[in-house]
Each structure stands twice: as structure tokens, then as C-alpha cells.
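A structural walkthrough
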Amino acid sequence: MASEDIAMEIDEKAKARTDDMHERLEQGKAFHLANKPDQAEAAYNSVYAEEGDGEDFNKLKEQAICKLGELFANSKRVNDIQKLMISIRPFFANIPKAKTAKIVRTLIELVAKVDGSTELQLQLCLDTIEWCKQEKRTFLRHRIQAKLAAMYFETRDFTRAMALTEELLREVKKLDDKPLLVEIHLVESRIHHQVRNLPKSKAALTSARTAANAIYCPPALQAQIDTQSGVLHAEEKDYKTAYSYFFEAMEAFLTQENPLAVKSLKHMLLCKIMTNASDEVPGLIDNKASKVGSSTELESMRAIAEAYKERSLAKLILTMAKYPKELKEDPVTKFHLDTLYDKLLENNLSRLIEPFSQVQIVHIAKLIDLPITTVEATLSQMILDKKFNGILDQGSGALIAYEDLPDNTTLETGLEAIDQVGKVVDSLYLRAGKLS
């Protein structure tokens, strides 16, 4: 009986202690919401600093650590998050490895929310990877390396990103970790797309889809796969299929309340413009604005649609100058807008040179209000692509237009007949060789 009483007394003390910790944690949350960071930090630290063990005890400490990281992120104290990551490592020995992975990834994602913290985030990932190697935590190391590869891609360090994904794929394929394989193949597809290796990009995306089909794929990850599919279809000028993929991605992002829904809608609008359906863009923006909210991303596409509808090159240039962040920093939008710019430039030049049989390039450049070098290069490309019948006279600096000759059916028939006779003679020669 004495031993049972002692056990009950210990349980009561442990319960009283966890209740006290829970109360302090709730106080910290209240201070946090009331915008009192110093009091909130003190409350969270008091919970995190408690010594002990047990499921409920560890659970409260986990919550305190995550809340402390969130507080530092809100105050943009990224260095304190880095210090917190190092100080909590002894605590990881008391909790399951899956919980450790969750806490580490949460803290790294909190750093990512702070603007201008890219370098520190990279360093945090590298330090954590080294710690994982020392502690032989392969599961966590692979996930942090996948995150690091994605960060290298975002910072446009494609060489490091490619090397890391290749190393990761070799290791993860042996373990057959399909959820992680999906993420790595997706990053690999994006890297190959950016370095303009489209066959490898499509192959990596196919691998990601194959791995995703074998498991439950979270909606956010499936939306990213759909987005990449839309990007690759748009590269092949299959804008209708690309539109459907972007639509699926947008719907998935909306259910997750993910801000990437705006980017998916922007790509949908771009597909409409590229398929000569710019009239539908304002209606789409007005219909979807209630779901995704209004933003400069959508307003920039509205302006692009108006410029394309009017076939106004000047308006397109002004719009691209007005919205550089929305239109030039997004590589997908930039690539297709460059194509759109070239198309409008050729159309405008064709309209301007149509009345002339010979005209100075300087005069055309003044009419279209563009540099002579740009006009000359575009005209040269149009002549090479047989979109314009004429020559550039470099001596006089003039464009000379030729009349389009009617199709000579007699010549074409004669050439075809000669080609067929040649084939007959070759066949007879081979047969004669066999007889001899």
C-alpha cells in the first residue's frame, strides 16, 4: 500500500506540474495575441526550460518551442530562431524522430516567412544537415536536403540544386521513400525547365506523377505537380491543356488557402491571352477576385490583355515597365510575354512596311518608336522565317520589298516528275546489278 501511495503522490505532482506548464503556455499565447512579445517570450521560455520527461510534458515543450519560433519570426528575429534550433538539440533525444523532423521543418519554414532571410535559411539547412549526419538521422537529413535543393532552385543556383537532387535521388530510391521522391522529382523537373532541358524536365515530372500515384498525395503537393504540368504544356504551345492544369492547381490551392492560387490564376489568364481570347480576361478576373482577392498580379494581366486586344506594342511595353515584379520576376510569365512581344512587334512592322516597296530602316524605327538595332534584327528574322519577301540593303540602310510571285504549278509538277523518274532509274539500276 505504501508503494501505491508513493506512486499516486508522484502522479499527482507530475499532473500538477504539467497543469502549471499548460497554464503558462496559455498565458504566453494570450500575451502573443495581445502583442506583448517580451511577456510572451518569458512565458514560452519558462515552459521550454522545464526539466523532465513524459508524453504530456514533452508535448507542452514542443508547443512552446514552435510558439517561440513563431514569435521570433513575427519580430523578424531570425538569428534567435537559429540559436533556438541549436539549443533544443538535446531535447530531440527525448522525443520520437518523426516529432523531431516536424519541429525542425517548422522552424525552417518560419525563417522562410521573413523577408531577406534567404542566406540565413540556407546556413540553417546546412548546419542541420551536418548535425543529422553526426546523429545518423537519415530520414530528417533527406528532407532537409530536399528543402535545400528547392531553396537553391529559388535562388537560381541551378548547378548546386542539380548536384544535390542527383545525390538525393540515388539515396532515396534505395529506401523507396515515395513521398519524398515526389518532392525531389518535382524540384528536378523545375530545374531542367529553367535550364531549357525540356525532355529531362518532362521525364522528371512523369517520375513524380508515377510516385504520386502509388501513395496518398497531399492536395498542396498535387497542385504543385499540376502547376508544373501546365508550365510544360504552355512551353509546347498547348495553351488549352495548360489552362486546365492551372485551373486544377488554383482550385486545390484555394481549398488550402494557399497564396499560390493567385499565381495559378495569373497563368490561366496568360493562357487565355496566348490563345487570342483576351476578351475573356476581365470577366475571369472579376469572377475569381472574390475567391483569390484582388492583387497587382491580376491587374498586370488585365493591362496585358488590353494591350494585346488593341494590338498596341507601345501599351505592352508600358505595362511591362509598370509591373516589373509581377511580369519579369516570374520566369513563366516572362518567357511567354517575350513571345507575345515578338509577335506584336512583327505584326506592327508588317502593317508599317506594307505600303512601301523600298523604305529606310531609320524611318520605320521612328514610326514604331524603337531602336534601329531592334527593328533591323526583327526584320532580318522575319525575312529568314519567310514571313516577309524582301532584303535588307546594308549599304543604303533600306528595306527592299519584293512582290509575292504566284505559285508556279508547272514547275512544281515538273520537279516532282523528275524526282519520280530518278527513283525509277535507281530501281532499274539495282535490278540490273542483280542480273549480272
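Attention in this report is confined to the structure presented alongside it.

1. Details of the overall build of the chain
When you go through the chain residue by residue, the secondary structure sums to 21 helices and three strands. Relative to the 2.2 N^0.38 estimate, which gives 22 Å for 436 residues, the radius of gyration of the chain is 32 Å and therefore markedly larger than a compact globule would have. Along the first, second and third principal axes, the C-alpha atoms of the chain reach 115 × 70 × 40 Å. Expressed as a percentage of the 436 residues in the chain, the buried residues total 42%.

2. Some remarks on unusual backbone geometry
Not every positive phi belongs to a glycine, and Asn 35 is a case in point at roughly 60°. Mapped onto the elements of the fold, Asn 35 is located in the loop between helix 1 (2-33) and helix 2 (37-48). Looking at Asn 35, the relative accessible area reads 65%, which means it is exposed. Residues other than glycine seldom take positive phi values, yet Asn 276 does so here, at roughly 60°. With respect to the element layout, Asn 276 can be found in the loop between helix 13 (260-274) and helix 14 (281-292).

3. Some points on the packing of helix 11 (residues 219-235) against helix 12 (residues 239-255)
Orientation of helix 11 relative to helix 12, taken along the N-to-C sense of each, is 160°, at an axis distance of 8 Å. Classified by the interaxial angle, the pair formed by helix 11 and helix 12 is roughly antiparallel. The handedness of the crossing between helix 11 and helix 12 is left-handed. Along its contact with helix 11, which presents Pro 219, Ala 220, Ala 223, Gln 224, Asp 226, Thr 227, Ser 229, Gly 230, Val 231, His 233 and Ala 234, the element helix 12 presents Tyr 239, Thr 241, Ala 242, Tyr 245, Phe 246, Glu 248, Ala 249, Ala 252 and Phe 253. Residues belonging to the contact of helix 11 with helix 12 are distributed by class as follows: twelve nonpolar, six polar and two charged.

4. So, helix 2
With twelve residues, helix 2 should cover 16 Å at 1.5 Å per step; its first-to-last C-alpha distance of 16 Å lies within 8% of that length. Residues of helix 2 that are buried: Ala 40, Glu 41, Ala 43, Tyr 44, Val 47 and Tyr 48. The buried residues of helix 2 occupy an angular sector of 165° when projected down its axis, which confines them to one face.

Basis of the calculations
Residues numbered from 1 in each chain as written. Predicted model: local features only at pLDDT ≥ 70, side-chain atom pairs only at ≥ 80, totals over all residues. Heavy atoms only, no water. Helix = DSSP H or I, 4+ residues; strand = E, 2+ residues; numbered from the N terminus. Rg over C-alpha atoms; globule rule 2.2 N^0.38 Å. Buried < 20%, exposed > 50% of the residue type's maximum accessible area, 1.4 Å probe, protein only. Axes fitted to C-alpha atoms, helices over the stretch in contact; angles between N-to-C directions. Parallel < 35°, antiparallel > 145°, perpendicular 65-115°, else oblique. Left-handed = near helix turned anticlockwise from the far one by under 90°. Contact = heavy atoms within 4.5 Å. Nonpolar A, V, L, I, M, F, W, Y, C, P; charged D, E, K, R; others polar. Expected span 1.5 Å × (residues − 1). Arc of directions from axis to C-beta.

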